[in-house]
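Chain by chain, the residues:
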Amino acid sequence: MSLQGKRALVTGGAAGLGLAIATALAEAGAKVAVWDWQIESANLPPERFPITAKVDVSSSLRVEAAAKEVLDRWGGLDILVNNAGICITGSVLELTEQDWDRVMAVNLKGTFLCSKAFAKAMQEQKSGKVINLGSVAAKLGGIVSGSAYSASKAGVICFTKSLAREMAPYGVNVNAIAPGVIVTDMTKDLSKGDFSNYESGIPLGRVGEAKDVAALALFLAGPDSDYLTGEIIDINGGQYMD
Ligand SMILES: NC(=O)c1ccc[n+]([C@@H]2O[C@H](COP(=O)([O-])OP(=O)(O)OC[C@H]3O[C@@H](n4cnc5c(N)ncnc54)[C@H](O)[C@@H]3O)[C@@H](O)[C@H]2O)c1
């Protein structure tokens, strides 16, 4: 599938799933911008990623300024991947109010702010693909990831459906990916590098790899998914089926 000529942005694209998705989009021919609050930690070749910016997606000021740069340079955006996310674990008794606010600010408000920053441009061009990162934790409740994270991702799922309704009249598709356990820095921290506990509960017998999720994102970014909107697609090896 070719994304030649398409303009894409991946938030949290310096590592993990975001980097895998950004790379897959670039390999398919898209021009890919990457935002990350730790952008300096990534080695992103400019011929592949012509725009990179240090952006905390929970900051409306930063998001608006960086979005202006993208829109000024490219005149629009075809693919927005709201991937930036954090996980602060702990029981309800352990989580602080600050932990709760920070997780909501990055995962849920960040998805809202970035979508808002490009919604008008996508409406005007009458096309676009928005891909949000949910989680199986939103459906199961956070077992390891905790209540703040799972509640934030449940919010992302409902936001996806609401935005899909708003953007459908303009020909913009909005969908979410709900991964199970995928090997990245986030899950290595949570599992302390030992995924064997998870594997027994996964019918396909293994945890996921970033490229599994990138392949799904590629489908949602391209023309083959033009009749799909407001959908939350599980990708979890069968760990959770609905
Ligand atoms: N890995 C999994 O198993 C899994 C499962 C379900 C959902 N997800 C979701 O997928 C997304 C990517 O997860 P991952 O596993 O690659 O995580 P990760 O921690 O490996 O990478 C996340 C990236 O996002 C960036 N980031 C974090 N907060 C940011 C902010 N405020 N502004 C900008 N950038 C920020 C980080 O610097 C990092 O580069 C997240 O939304 C996560 O919740 C992951």
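Check the entry above for the structure.
Keep in mind that what you see is a predicted model, and the values were worked out from it rather than measured.

Asker: Tell me about the site of the ligand, and name the residues and values.
Answerer: Residues in close proximity to the ligand total 29 residues, the closest being Gly12, Gly16, Gly85, Thr184 and Met186. A per-class count over the shell around the ligand returns 14 nonpolar, 12 polar and three charged.

Asker: Before we move on, could you go through the sheet that holds strand β5 (residues 128-133) and cite the residues and values that matter?
Answerer: What the seven strands build is an open sheet, ordered β3-β2-β1-β4-β5-β6-β7; its pairing is parallel. Strands with a single pairing partner mark the edges of an open sheet, and in this sheet they are β3 (51-54) and β7 (232-235). Across the sheet, the mean angle from the axis of one strand to that of its neighbour is 15 degrees, orientation sign disregarded. Here strand β1 (residues 7-11) runs beside strand β2 (residues 31-36); their pairing, made up of five bridges, is parallel. For Leu9, the partnering residue across the bridge sits in β2 and is Ala33. Helix-sheet contacts for helix α2 (residues 60-74) involve β1, β2 and β3, and the interaxial angle to β3 is about 165 degrees.

Asker: I'd love a proper account of helix α5 (residues 147-167), names of residues and values included.
Answerer: For α5, spanning 21 residues, the distance from its first C-alpha to its last is 30 Å, which sits close to the expected 30 Å at 1.5 Å a residue. Listed in full, the buried residues belonging to α5 are Ala148, Tyr149, Ser150, Ser152, Lys153, Val156, Phe159, Thr160, Leu163, Ala164 and Met167. Buried residues belonging to α5 abut α3 (97-125), β5, α4 (137-140), β6 (172-179) and β7.

Asker: How would you summarise helix α1 (residues 16-27) if you had to cite specific residues and measurements?
Answerer: Turn by turn, an α-helix covers 3.6 residues, leaving residues three or four places apart pointing in a common direction. Across its 12 residues, α1 extends 17 Å between first and last C-alpha, which sits within 8% of the 16 Å expected from 1.5 Å per residue. With respect to burial, α1 is a largely interior element, 11 of its 12 residues being buried. Among all positions in α1, only Gly16, Leu17, Gly18, Leu19, Ala20, Ile21, Ala22, Thr23, Ala24, Leu25 and Ala26 are buried. Against β1, β2, β4 (79-82), β5, α6 (185-191) and α8 (210-221) lie the buried residues of α1. Count one or two residues on from α1 and you reach Gly29, which has phi positive near 105 degrees.

Asker: Before we move on, could you go through the nonpolar core and cite the residues and values that matter?
Answerer: Most often, soluble globular proteins have nonpolar side chains that are buried together. Ile21, Leu25, Val32 and Ala217 are the most contacted members of the largest nonpolar core, which totals 70 residues. Ignoring any residue separated from it by four or fewer positions in sequence, one finds Ile21 in contact with Val10, Val81, Asn83, Val213, Ala214 and Ala217.

Asker: Tell me what's going on with unusual backbone geometry, and back it up with residues and numbers.
Answerer: A negative phi angle is the norm for most residues apart from glycine, just as the trans form is the norm for most peptide bonds. One non-glycine residue, Lys126, adopts positive backbone phi at about 60 degrees. Position of Lys126 among the secondary structure elements: in the loop between α3 and β5. With a phi close to 55 degrees, Lys192 is a non-glycine residue in the positive phi region. Note that Lys192 resides in the loop between α6 and α7 (196-199). A count of 7 C-beta atoms within 10 Å places Lys192 in the exposed class.

Rules used in this analysis
- Residues numbered from 1 in each chain as written.
- Predicted model: local features only at pLDDT ≥ 70, side-chain atom pairs only at ≥ 80, totals over all residues.
- Near = placed C-beta within 6 Å.
- Nonpolar A, V, L, I, M, F, W, Y, C, P; charged D, E, K, R; others polar.
- Pairing = 2+ DSSP bridges.
- Helix = DSSP H or I, 4+ residues; strand = E, 2+ residues; numbered from the N terminus.
- Axes fitted to C-alpha atoms, helices over the stretch in contact; angles between N-to-C directions.
- Contact = placed C-beta atoms within 7 Å.
- Expected span 1.5 Å × (residues − 1).
- Buried ≥ 20, exposed ≤ 12 C-beta atoms within 10 Å, placed from the backbone.
- Core = buried A, V, L, I, M, F, W, Y, C linked by C-beta atoms within 7 Å.

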